[in-house]
Amino acid sequence: MPLRIYNTLTQGKQEFKPMKEGHVGMYVCGITAYDLCHIGHARSAIVFDTVYRYLRAKGYDVTFVKNFTDIDDKIITRANKEGLTAGQVSEKYIEEYYKDMGKLGLRKPAHEPRATMYINDIVGLVKRLIEKGHAYESNGDVYYAVRSFEGYGKLSGKDIGELEAGARVEPGEAKKDPLDFALWKKSKPGEPSWESPWGKGRPGWHIECSAMSTHYLGDSFDIHGGGMDLIFPHHENEIAQSEGATGKQFVTYWLHNGFIQTNKEKMSKSLGNFFTIREILERFEPQALRLFVLMHHYRNPVDFSDLSLKEAEKALYRGYASLRLVQSLPAEGKPPLSPDKLGAFAQKLSEYETCFYNAMDDDFNTAGALSGLFDLLRLINTYFKDATARPEEDAVQRLGGFVRAAADILGVFDSDPRSFLSSRREKRLAGLGLSKAGIEERLARRSLLRKDRAFKEADEIRAGLLREGISIMDTPGGTVWDIAEE
RNA sequence: GGCGGCAUAGCCAAGUGGUAAGGCAGCGGUCUGCAAAACCGUUAUCUCCGGUUCAAAUCCGGAUGCCGCCUCCA
């Protein structure tokens, strides 16, 4: 089945056809480095990481570029507040970005360019736009003449006439038209600046992405992504800049992820209703956050809450418990599955595998894909809970292959099940202030009581452990315990 | 005001023409000394009104509610 992608530009799903057979050029707008990342940034990062992973899984050679904006008003403001230089601020928050995002299992893009390292490209592009009559210099600033670009508004569905009413002019700006936007800003005293034909200044926000994407991917490339809010004006302006300069179509497919909300409101700095990735990862597994994101379609808004993250975490643990069953094959003391049953298992496996890939091919429908994966996890429990099979068995091999492939695409369920579960258990145990030896001592006592059929006392021990956050299970192979889910 | 999106079970959430995936929770059952876990079963006329169609959650028109963008924002 061919991959179909929803394209903001055409407002519909289209079959994906890269410009160059087998190769994909993909650019995603990264962060402006002036503060810690919140989970909205995490969603965007996870979504496009998954897109990247899936394209690679489809066999494409993907050149993935994701930028950092390291010069901008907000950075300068922050620098003044903290008594640092703009460079120090962006450097600091890029480091923090890596600390937080590094835990989310993001595949490293081929290039992660920073705006200030591409000033030459930017100046060159601005010069070209002036030459082509799309931009003009005005008192040390350079503006893009929006009305000179015929297709302006085609991405965001906006009409120039209607935009005019809302356009603003900052004090001190010398635009010929209120719609025009800055390509190059003359620097004020004390601000970071670079030499240019128009005097000392710094790039406007939109121009950097045009310059850096073209630097690595050429005048035209396949995929450009970012958050919904970047559609206008950021991406609209990028199109005007790049297509104005080259006369060629800039990007074929525009992808935009929906927002994280809390209480049905957009999560944002200005509303103060945001959670940083850091805060969330103190309380939840990184893979639970990933799963939470992937359980929703990337274009829909998602309401964030502790409850929904807890649900994702439970599903994650349950899944790993199933995978641990497979990992333990062949399991001693369990009867082998008959060839018939293995055959039935393999058939179901194929069904779920198809479901998974069909969903992914349909505009990266990870929520649909996960339903196939969860079906499979249940199937594993059904067949392997009380039976075993040799790992070299064909069905088991295929199972392993599919689980690895799916985990590689989604970035969840890709840890070693046994060590994932035990390390999580130890972490939580420490949090509860309990020791393994203490628990096992109490369980040993309980076992003796049970042997004597002193169930009342045995049950008291069990109830006591549960109050402290430990649940236990009596199995034929003995009593096992685990952290009780809330 | 302009543009766009969303409304599916107790909660979360896929599904864009052929009578509703999955997750979490609940209930009944199997298992268990009792539990737990796991499995099986069960829980929805898809916001409302009209239209097109043999057939609509799915297409069209309208209503209501919610949200986003139009200003920095993933």
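Preceding this section is the structure that the text describes.
Given the structure is predicted, the values throughout are model-derived calculations rather than measurements. (Residues numbered from 1 in each chain as written. Chains lettered and ligands numbered in written order. Predicted model: local features only at pLDDT ≥ 70, side-chain atom pairs only at ≥ 80, totals over all residues. Heavy atoms only, no water.)

1. What to know about the overall build of chain A
Moving on, step 1. A tally of helices and strands in chain A yields 16 helices and 15 strands.
Moving on, step 2. With the principal axes as the frame, chain A shows a C-alpha extent of 95 × 50 × 35 Å.
Moving on, step 3. Per-residue burial for chain A yields a buried fraction of 51% across its 486 residues.
Moving on, step 4. Looking at chain A alone, contacts between residues at least 24 apart form 76% of all its contacts between residues at least 6 apart.
Moving on, step 5. When the accessible area of chain A is evaluated, it comes to approximately 22,400 Å², of which 50% is carbon and sulfur surface.
Moving on, step 6. Separation of charge centres in chain A, based on 67 positive and 70 negative side chains, amounts to 3 Å. (Helix = DSSP H or I, 4+ residues; strand = E, 2+ residues; numbered from the N terminus. Buried < 20%, exposed > 50% of the residue type's maximum accessible area, 1.4 Å probe, protein only. Contact = heavy atoms within 4.5 Å. Areas by Shrake-Rupley, 256 points an atom, 1.4 Å probe, with all protein chains shown as cover. Lys, Arg positive; Asp, Glu negative; His and termini not counted. Charge placed at Lys NZ, Arg CZ, Asp CG, Glu CD.)

2. Structural notes on unusual backbone geometry
Moving on, step 1. Here the residue pair Phe 232 and Pro 233 is connected by a cis peptide bond, since its omega of 0° sits within 30 degrees of zero.
Moving on, step 2. Relative to the elements of secondary structure, Pro 233 occurs in helix H7 (residues 231-246).
Moving on, step 3. The step from Leu 329 to Pro 330 runs through a cis peptide bond, and the omega angle for that step is -10°.
Moving on, step 4. Note on placement: Pro 330 falls in the loop between helix H10 (306-327) and helix H11 (339-361).
Moving on, step 5. One non-glycine residue, Asp 363, adopts positive backbone phi at about 55°.
Moving on, step 6. Of note, the phi angle at Phe 413 is positive, near 60°, even though the residue is not glycine.

3. Re the protein's contact with RNA strand B
Moving on, step 1. Around RNA strand B sit 54 residues, and of these Lys 74, Trp 205, Gly 227, Lys 266 and Arg 462 come closest.
Moving on, step 2. Note that a phosphate oxygen of RNA strand B is positioned 3.0 Å from one of the side-chain N or O atoms of His 41.
Moving on, step 3. At 2.6 Å, a side-chain N or O of Asp 459 approaches a base nitrogen of RNA strand B.
Moving on, step 4. The leading source of residues in the surface near RNA strand B is helix H12 (residues 366-384), at eight residues.
Moving on, step 5. By residue class, the composition of the surface near RNA strand B is 14 nonpolar, 21 polar and 19 charged. (Near = heavy atom within 4 Å. Polar contact = N/O pair within 3.5 Å; in protein donor to acceptor, adjacent residues only side chain to side chain. Nonpolar A, V, L, I, M, F, W, Y, C, P; charged D, E, K, R; others polar.)

4. Description of the sheet that holds strand S7 (residues 181-186)
Moving on, step 1. Sheet architecture is open: four strands sit in the order S5-S6-S7-S8, paired in antiparallel fashion. Single-partner strands in this sheet number two, and they are strand S5 (135-138) and strand S8 (201-203). The mean angle between the axes of side-by-side strands here comes to 20°, regardless of whether they run parallel or antiparallel.
Moving on, step 2. Pairing of S7 with S8, which is carried by three bridges, proceeds in the antiparallel orientation. Bridge pairing in S8 links Lys 185 to Arg 202. (Pairing = 2+ DSSP bridges. Axes fitted to C-alpha atoms, helices over the stretch in contact; angles between N-to-C directions.)

5. Observations concerning the packing of aromatic side chains
Moving on, step 1. A full pass over the atoms with the stated rule returns 25 aromatic pairs.
Moving on, step 2. Taken together, a centroid distance of 5.9 Å and an interplanar angle of 40° make the contact between Tyr 136 and Tyr 143 tilted.
Moving on, step 3. Overall, Tyr 143 belongs to the buried group, its relative accessible area being 1%.
Moving on, step 4. An aromatic cluster of three or more residues is present, and its members are Tyr 317, Tyr 320, Phe 374, Phe 413 and Phe 420.
Moving on, step 5. Over the ring of Tyr 6 we find Arg 299, and its NZ or CZ is 4.0 Å from the ring centre. (Phe/Tyr/Trp six-rings, centres within 6.5 Å; stacked < 30°, edge-to-face > 60°. Lys NZ or Arg CZ within 6 Å of the ring centre and 35° of its normal.)

6. Section: the sheet that holds strand S3 (residues 23-28)
Moving on, step 1. Judged by pairing direction, the sheet is parallel, and its four strands sit side by side in the order S4-S3-S9-S10 without closing on themselves. The two strands at the open ends of the sheet, each matched to only one other strand, are strand S4 (61-66) and strand S10 (251-257). Averaged over all neighbouring strand pairs, the angle between strand axes comes to 20°, with direction disregarded.
Moving on, step 2. Helix H6 (residues 205-217) rests against S3, S4 and strand S9 (221-227) of the sheet, and its axis sits at about 160° to S3.

7. Overview of the layout of surface pockets
Moving on, step 1. In this structure, the second largest pocket encloses a volume near 1,000 Å³.
Moving on, step 2. As for the second largest pocket, its lining consists of 28 residues, and the residues nearest its centre are Arg 324, Lys 385, Met 473, Thr 475 and Val 480.
Moving on, step 3. Counting only elements with at least two residues in the lining of the second largest pocket, the list comes to H10, helix H14 (417-432), strand S14 (470-475) and strand S15 (478-483).
Moving on, step 4. Looking at the lining of the second largest pocket element by element, the count peaks at six residues for H10.
Moving on, step 5. Its residues assigned to classes, the lining of the second largest pocket shows nine nonpolar, seven polar and 12 charged.
Moving on, step 6. Here the lining of the second largest pocket gathers at least three residues from each of two domains, domain 2 (306-416) and domain 3 (434-483). (1 Å grid on protein atoms, 1.4 Å probe; cavity = no way out; pocket = protein on both sides within 12 Å on 5 of 7 lines; lining within 4 Å. Points joined across faces, edges and corners; volume = space filled by probe spheres on them. Domains from an automatic or database assignment.)

8. Section: the environment of Phe 232
Moving on, step 1. Tracing the chain through its elements places Phe 232 in helix H7.
Moving on, step 2. Judged by its relative accessible area of 27%, Phe 232 falls in the partly exposed class.
Moving on, step 3. Once the C-alpha coordinates of Phe 232 and Ser 156 are considered, the two residues, 76 residues apart in sequence, prove to be 6.0 Å apart.
Moving on, step 4. Beyond its immediate chain neighbours, meaning those up to four positions away, Phe 232 contacts Tyr 152, Ser 156, Lys 158 and Leu 163.

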